[in-house]
Amino acid sequence: MALLEVQDLTVEFPGRRGTLRALDKVSFNIEAGEILGVVGESGAGKSLTGAAIVGLLERPGRIAGGQVRFDGQRIDNLPPEPMRRLRGRRIGMIFQDPLTTLNPLYTIGRQLTETMQTHARLSDAEARTKAIGWLDRVGIPAAAHRIDAYPHEFSGGQRQRVVIALALCADPVLVIADEPTTALDVSIQAQIITLLKDLTRDHGTAVMLVTHDMGVIAETADRVAVMYAGRIAEIGPVAAVIRHPAHPYSDGLMASIPSLEHRVDRLRQIDGAMPRLDAIPNGCRFNPRCPRVFDRCRQEQPELLDAGATRAACWLHAHD
Amino acid sequence: MLARTWNSDLAYNFRTSPVALASAALALILIVAAAFAPWIAPHDPTDVASLSLMDSFKPPLGMADAEWSNPFGTDNQGRDVLSAIMFGMRISLLVGFLSVLFAIVVGVAIGLLAGYAGGIIDTLLMRVADVQLTFPSILTALLTDGVITAALPRTMREGLQIYVIIFAIGISLWPNFARTVRGSTLVERNKDYVMAARVIGVPSWRIMLSHVLPNVIGPVMVIGTLGLGLAIIAEATLSFLGVGLPPTQPSLGTLIRFGNDFLFSGQWWITVFPGLTLILMVLAINLLGDWLRDALNPRLR
Amino acid sequence: MPAQPEPPVGCMPMTKLKVLEAVAVSHYFDVSRPFLQRVFTREPRRMLRAVDDVSFAIAPGTTFALVGESGCGKSTIARLAVGLYAATDGDILFENQPLSSARAQPALRRRMNMIFQDPYASLNPRWRVTDIVAEPIRAFKLATGSADIQARVGALLAQVSLTPRDGEKYPHEFSGGQRQRISIARALASEPDFLVCDEPTSALDVSVQAQILNLMRDLQQRLGLTYLFISHNLAVVRHMADRLGVMYLGRIVEQGPAEAIFRAPRHPYTRLLLDAIPDLEQVGRARTPVGGELPSPIAPPPGCAFHPRCPLANARCRVEKPAHTTAGDVQVACHAVAEGRDA
């Protein structure tokens, strides 16, 4: 049994011009200790997937179908209070902007000790010692001294380190990281990715890493799910998806990324743009942009099919 | 996506808001009653020849001796209170609209200039606005009114009084517009579309008028609507204090002042009905303004 | 459009042909508190050195790229190059004339234009696309009469793969990539030969980024455009640049032909940057990232600004600002490289 099982997860936003389906039957698993990358362009639904799993959908969005099972138990129908406890204790969260997680009015030490004390019986002194240990582990210099500083006294990269400490200090078994390095500079981004990867490996924590940066996924993740227009286009081991993408969209996506290793005259481009939610085409959602489109793609929507090392939602891999 | 449906979203928001609908309906009724007063009012209060002291102090409907021809009763000279109110609203609304328009023109111009030019011009203009904002606006209007009236030759006072009032109230309101427009201008002038115009050498005045102005005018509509309520109250206050419009052009404030003399002798209707009308008018305008502010503010949605 | 002779790719900065040249340019921002607060708190004026003693030259028809992290001054240089800021010190020459006098002549000013990063802020939301693209045409009176202007706008929109009918719409009706095409059409409307591109694809998704980069390359080849290309993304820069300048805290620490720098980076900061970028071709790579934070440009470290993060720093680096040393085509500002300690 996988640690997290997402099955046919569907999220809808009712509006006055009709209901928009932002996620359509998204299914995937995350095994204990595994890092799953979720990649896609803006609006593909990757952040929404993370938010839906932990019950942080913004109104009026709602889960309209499917199930989320965490450690064997359904969590998509949990009331708010047990869901909040689950989020702090067993599922940690890291967001793009550290300031959405950190309370500007409290010292980071207080925020760390409070988080640990709500989830484990610890004396104040024990909690403080552990908090210093965590700050040290995430690479804050002079942790014993800096523990009494406020969030604004840290740089952007250091704040994200503190957020990682906050997310991990209650010993969660799953961390959902939503664009954790997008706001950071390249040299700082590398530090944060390495830190996240090392810490979660040491603690055996599973990670759902949501990002638009395929490079970050390539270095960090074990498996990757490529999302397009609210559905998973392809999912599989990271090396397979990058080197031998089975879905024409993931193929185009990989080819459109400029490489540091060699220079080409023209990048391969995918013409057009991802459809808006109120104008989803019939059949496969990628068919108007797909270079390998055929009749069936315009009529029937493909589900994930076995495609060698990966699974791809593409009729090219149908064997019937 | 918000911007995509900006216009229709506003319309939808309006249709589904009972407060907006009710206050708009009320405002519309009052404005129509004022605008078409010469044609729909039961009597002509400006026609002195038709007045008869025999008709004075008639009570409103619902009291003994009331008559259908004077539903809100008559005053000490036999004037029909309902007709006087309809003609009074004309003056109140006219003064209100024109003084807000004046304040918008002055305030938007100063706000744009201060925000776009920055530096010493900005500091200077905004300190003036700050200083003026520390005084209650009615005090500013009172002071401006007094100074100008004193400076005018006695014979010209009555004819020019309405313009003096419009100027005085307009002057008391401009800082609100200037501050808001300056704030939005500071944001807009650093946006890349302004940079793009600067790169090709479009002159500053044209950037201000054709690029920045259309993007800062939204909040002005909101403050303008709320300012209209303030301006009408200010005019009524000045007229009530006797420094406003002359008795030949009675506004709602003038009516309230006249009627005030009879309040304790039992003829309450002469002052209460104009007063109620003023309250309803300002209430409707302010509710509309509040709704507009909330509807245009994406954070409250 | 005046045809430019095709120069050899990666030509030397000191050759005669140069569209834009920066000579020892510095730009300071006054970040002091307001006058009265300074008087009460007895604070001195505080200056931020956004650009510090920067020199480069761009040959016609080529792309010069500036790359660096936030606060390194690359966007300030973009704005200096089109005259949005005036340099505090040093000279910027456009077609061998001081920039200010070049910009005073409409015939020269017309020949430079700019493409911006944010496709949402760079188009006036209240203007129709036709009017946005026509603004430079009207400003320089390149066409008169609405039929003539319409025809030109239509041709410009077609050039960036939009249709003339798109001109009737407002910017919010377009996707990010389409807006960037409109932005490019506007920049081309003044018939420029020099374009400053400030992070033109940073706000776009990768598949759209590829479209825009291809379009920019096509336009460059077709129209003989010269680009000053600003980006934080080294892979994008590698794809676009003929010559490259790597910036750190207001200074260019390494510049030269892009190929040479990517093949053999000399400056420790360039190496760090290249090493830090996650790359598709290195699945599951484990690495030891260089530590340290970006210092504040208000109080840059003394000596070489990179020394607190530099693995090769020694006592000299902490006190003495390194001058540029030339090795082949590449200029590097690093004591370790000059002393041969970088092997």
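Basis of the calculations
Residues numbered from 1 in each chain as written. Chains lettered and ligands numbered in written order. Predicted model: local features only at pLDDT ≥ 70, side-chain atom pairs only at ≥ 80, totals over all residues. Helix = DSSP H or I, 4+ residues; strand = E, 2+ residues; numbered from the N terminus. Buried ≥ 20, exposed ≤ 12 C-beta atoms within 10 Å, placed from the backbone. Contact = placed C-beta atoms within 7 Å. Rg over C-alpha atoms; globule rule 2.2 N^0.38 Å. Pairing = 2+ DSSP bridges. Axes fitted to C-alpha atoms, helices over the stretch in contact; angles between N-to-C directions. Parallel < 35°, antiparallel > 145°, perpendicular 65-115°, else oblique. Left-handed = near helix turned anticlockwise from the far one by under 90°. Nonpolar A, V, L, I, M, F, W, Y, C, P; charged D, E, K, R; others polar. Core = buried A, V, L, I, M, F, W, Y, C linked by C-beta atoms within 7 Å. Domains from an automatic or database assignment. pLDDT = per-residue confidence, 0-100.

Peer 1: Tell me about the overall build of chain B, and name the residues and values.
Peer 2: Looking only at helices and strands, one finds 11 helices and zero strands in chain B. For chain B, the succession of helices and strands along the chain, N to C, is α-α-α-α-α-α-α-α-α-α-α. Seen through its principal axes, chain B has C-alpha atoms that stretch 75 × 50 × 30 Å. The 301 residues of chain B split such that 43% are buried. Taking all contacts inside chain B whose residues are at least 6 apart in sequence as the whole, residues at least 24 apart take part in 70%.

Peer 1: Got a sec to walk through the overall build of chain A? Specific residues and values, please.
Peer 2: The secondary structure content of chain A amounts to 11 helices and 12 strands. By the compact-globule yardstick of 20 Å for 320 residues, chain A fits well, its C-alpha radius of gyration being 21 Å. Summarising its shape, the C-alpha atoms of chain A cover approximately 70 × 50 × 40 Å along the three principal directions. Across the 320 residues in chain A, those meeting the buried criterion constitute 48%. When contacts within chain A are restricted to residue pairs at least 6 apart in sequence, long-range pairs at least 24 apart make up 63% of them.

Peer 1: Pulling in residues and values, what's your account of the sheet that holds strand E6 (residues 91-94) of chain A?
Peer 2: Residue and element names in this part refer to chain A. Taken together, eight strands build an open sheet; the order of strands is E6-E7-E8-E3-E9-E10-E12-E11 and the sheet is mixed. One side of each edge strand has no neighbouring strand; the edge strands of this open sheet are E6 and strand E11 (305-307). Mean inter-strand twist for the sheet, computed between neighbouring axes without regard to direction, equals 20°. The pairing of strand E7 (residues 174-178) with strand E8 (residues 206-211) spans five bridges and is parallel. Paired with Asp-178 across the bridge in E8 is Val-210.

Peer 1: Please provide a residue-by-residue account of the sheet that holds strand E4 (residues 62-70) of chain A, values included.
Peer 2: Strand pairing in a sheet relies on backbone hydrogen bonds, with the paired strands running either antiparallel or parallel. Residues and elements named next belong to chain A. Spatially, four strands are ordered E2-E1-E4-E5 in an open sheet, and the strand pairing comes out antiparallel. With partners counted over all chains shown, the strands left at the sheet margins are strand E2 (18-30) and strand E5 (73-74), one partner each. The sheet contact formed by strand E1 (residues 4-15) and E4 spans seven bridges and is antiparallel. By the bridge assignment for E4, Val-11 is matched with Ile-63.

Peer 1: So what's going on with the interface of chain A and chain C? Residues and values would help.
Peer 2: Counting residues at the interface gives 36 residues for chain A, matched by 37 residues for chain C. Listing elements by their share of the side of chain A that touches chain C, those giving two or more residues are helix H7 (186-203), helix H8 (214-220), helix H9 (238-243) and helix H10 (248-256) of chain A.

Peer 1: So what's going on with the packing of H7(A) against helix H11 (residues 268-276) of chain C? Residues and values would help.
Peer 2: Running from amino to carboxyl end, H7(A) crosses H11(C) at an angle of 50°, the nearest separation of the two axes being 9 Å. By the angle between their directions, the pair H7(A) and H11(C) is classed as oblique. Every pair of crossing elements has a handedness; the one defined by H7(A) and H11(C) is left-handed. For the pair H7(A) and H11(C), contact is made by A:Val186, A:Ser187 and A:Ala190 and by C:Leu272, C:Leu273 and C:Ala276, respectively. Residues of the contact of H7(A) with H11(C), tallied by class, amount to five nonpolar, one polar and no charged.

Peer 1: Summarise the nonpolar core; cite the residues concerned and give the values.
Peer 2: Ranked by size, the top nonpolar core spans 264 residues in total, and within it A:Ala165, A:Leu209, A:Val226, C:Ala65, C:Val133, C:Leu228 and C:Phe229 carry the most contacts. Examining the composition of this core, we find that 19 residues originate from one element, helix H4 (residues 81-117) of chain B, more than from any other. Among the domains, domain 1 (15-111 + 194-264) and domain 2 (117-191) of chain C are the pair contributing at least three residues each to this core. Excluding anything up to four places from it in sequence, C:Phe229 contacts C:Thr63, C:Phe64, C:Ala65, C:Cys197, C:Val237, C:Met240 and C:Ala241.

Peer 1: So, the pairing of E1(A): which residues are in play, and what are the values?
Peer 2: Residues and elements named next belong to chain A. In terms of strand pairing, E1 meets E2 through nine bridges, oriented antiparallel. The residue bridging Glu-5 from the neighbouring strand is Asn-29, located in E2. Adjacent in sequence and paired antiparallel, E1 and E2 are bridged by two residues.

Peer 1: Go over helix H8 (residues 192-199) of chain B, please, and point to the residues and values.
Peer 2: Of all eight residues that make up H8(B), seven are buried, and the element is covered over most of its length. Where H8(B) is concerned, the buried positions are B:Asp192, B:Tyr193, B:Val194, B:Met195, B:Ala196, B:Ala197 and B:Val199. Against the buried residues of H8(B) lie helix H7 (154-188) and helix H9 (204-240) of chain B together with strand E6 (112-115), helix H5 (129-139) and helix H7 (176-189) of chain C.

Peer 1: Got a sec to walk through the pairing of strand E1 (residues 20-30) of chain C? Specific residues and values, please.
Peer 2: Residue and element names in this part refer to chain C. Sheet topology places E1 next to strand E4 (residues 89-94); five bridges connect them, and they run antiparallel. The partner of Leu-20 across the bridge, within E4, is Phe-94. One ladder, built from eight bridges, connects E1 with strand E2 (residues 47-58); its direction is antiparallel. Paired with Tyr-28 across the strands is Arg-49, a residue of E2.

Peer 1: Outline the interface of chain C and chain B, supporting the account with residue identities and numerical values.
Peer 2: Taken residue by residue, the interface counts 21 residues in chain C and 16 residues in chain B. Sorting the residues of the side of chain C that touches chain B by element identifies E6 and H5 of chain C as the ones contributing at least two each. The leading source of residues in the side of chain C that touches chain B is H5(C), at three residues.

Peer 1: Let's hear about the environment of B:Leu278: which residues, and what values?
Peer 2: Residues and elements named next belong to chain B. Locating Leu-278 in the fold gives a position in helix H11 (residues 269-296). Residue Leu-278 is classed as buried on the basis of its C-beta count, with 24 C-beta atoms lying within 10 Å. With 189 residues separating them along the chain, Leu-278 and Met-89 place their C-alpha atoms 8.3 Å apart. Not counting chain neighbours up to four residues away, the residues in contact with Leu-278 comprise Ala-236 and Leu-252.

Peer 1: Describe the environment of A:Thr10, naming the residues involved and giving the relevant values.
Peer 2: Residues and elements named next belong to chain A. Considering the arrangement of structural elements, one finds Thr-10 in strand E1. In this structure Thr-10 comes out as partly exposed when scored by C-beta crowding, with 17 C-beta atoms within 10 Å. For Thr-10 and Leu-304, which are 294 residues apart along the polypeptide, the C-alpha to C-alpha distance reads 16 Å. With residues near it in sequence (within four places) discarded, Thr-10 still touches Arg-21, Leu-23, Asp-24, Lys-25, Ile-63, Ala-64, Gly-65 and Gly-66.

Peer 1: Please set out the confidence of the model for chain B residue by residue, giving values where relevant.
Peer 2: As a note on interpretation, predicted positions should not be read in detail where pLDDT is low. Residues and elements named next belong to chain B. Summing up the model confidence of chain B, the mean pLDDT is 87 and the portion of residues at 70 or higher is 95%. When mean pLDDT is taken per element in chain B, H8 scores highest with 96 and helix H1 (residues 6-15) scores lowest with 70. The low-confidence segment residues 1-5 (pLDDT under 50) makes five contacts with residues lying over four places distant or belonging to another chain. Model confidence for the complex: the whole-complex pTM is 0.87, and ipTM, which rates the interface, is 0.88.

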